[in-house]
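The chain contents come next:
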Amino acid sequence: MNPITVDGGKGTVELGDEGVLHLVWKRGTVLEAADVHAAMAMVNELADGAEYPMLIDIANTQAVTRQAKAVFSVKCAASRIALLGSSPVNRVIANFAMARRTLPCPTRFFTSRNEALSWLLQARLS
């Protein structure tokens, strides 16, 4: 499947061959609440009533607004979420997004794509 552009154009979503949803944010993105809502709507549409593990690539994300962070507690078609980053800034963004809120599914931060995918797929084998 080819990536589908999220409304607003700041990211893409696709359902990979391994059965993992991939959400990739574009370089320099500042995430607003509308961006996160649009991405979740696209994820739900692709999942078509099912749940899938999801890899969210935040390596290119510049910032996340307070309003966008509040949206992270809303349930979508993700059964678990791996946040993939490459820098200390990404780790801060991920930790702030996960801190002090009830997340709708298990969520972890990774700097290795292989480790993130392994964690996402291990739950399907359990």
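Rules of the game
Residues numbered from 1 in each chain as written. Predicted model: local features only at pLDDT ≥ 70, side-chain atom pairs only at ≥ 80, totals over all residues. Heavy atoms only, no water. 1 Å grid on protein atoms, 1.4 Å probe; cavity = no way out; pocket = protein on both sides within 12 Å on 5 of 7 lines; lining within 4 Å. Points joined across faces, edges and corners; volume = space filled by probe spheres on them. Helix = DSSP H or I, 4+ residues; strand = E, 2+ residues; numbered from the N terminus. Nonpolar A, V, L, I, M, F, W, Y, C, P; charged D, E, K, R; others polar. Phe/Tyr/Trp six-rings, centres within 6.5 Å; stacked < 30°, edge-to-face > 60°. Buried < 20%, exposed > 50% of the residue type's maximum accessible area, 1.4 Å probe, protein only. Lys NZ or Arg CZ within 6 Å of the ring centre and 35° of its normal. Contact = heavy atoms within 4.5 Å. Core = buried A, V, L, I, M, F, W, Y, C linked by side-chain atoms within 4.5 Å.

A few points about empty space enclosed by the protein
Now for step 1: Evaluation of the coordinates by the stated rule reveals one cavity of 30 Å³ or more.
Now for step 2: Lining the largest cavity are 25 residues; nearest its centre among them are Val-36, Ile-56, Phe-72, Ile-81 and Leu-83.
Now for step 3: Elements represented by at least two residues in the lining of the largest cavity include exactly strand 3 (21-25), helix 1 (33-47), strand 5 (52-57), strand 6 (61-64), strand 7 (78-84) and helix 3 (88-98).
Now for step 4: Its residues assigned to classes, the lining of the largest cavity comprises 23 nonpolar, two polar and no charged.

Some points on the packing of aromatic side chains
Two descriptors summarise a pair of aromatic rings, namely the distance from one centre to the other and the angle between the planes of the rings.
Now for step 1: As enumerated under the stated definition, the model contains one aromatic pair in all.
Now for step 2: Centre to centre, the rings of Phe-110 and Trp-119 are 5.6 Å apart; their planes meet at 45 degrees, and the pair counts as tilted.
Now for step 3: For Phe-110, a relative accessible area of 6% gives the class buried.
Now for step 4: In this structure, Arg-80 is placed above the aromatic ring of Trp-119, and the distance from its NZ or CZ to the ring centre is 4.0 Å.

Structural notes on the side chain of Asp-35
Now for step 1: Within the secondary structure, Asp-35 sits in helix 1.
Now for step 2: A relative accessible area of 7% means that Asp-35 is categorised as buried.
Now for step 3: Residues contacting Asp-35, with those up to four places away along its chain left out, are Val-6, Lys-10, Trp-25 and Val-30.

Focus: the nonpolar core
Now for step 1: Grouped together as the largest cluster of nonpolar side chains are 32 residues, with contacts concentrated most on Leu-23, Met-54 and Ile-56.
Now for step 2: Elements represented by at least two residues in this core include exactly strand 2 (11-15), strand 3, helix 1, strand 5, helix 2 (66-71), strand 7 and helix 3.
Now for step 3: Among the elements that take part in this core, helix 1 stands out by supplying nine residues, more than any other.
Now for step 4: Sequence-distant contacts of Met-54, that is, excluding residues within four places in its chain, are made with Val-20, Leu-21, Leu-23, Val-43, Cys-76, Ala-78, Arg-80, Ile-81, Ala-82 and Leu-120.
Now for step 5: In this structure, Val-20, Leu-84, Leu-117 and Leu-120 belong to the second largest nonpolar core, which totals nine residues.

Distances and angles like these do not, on their own, reveal function.
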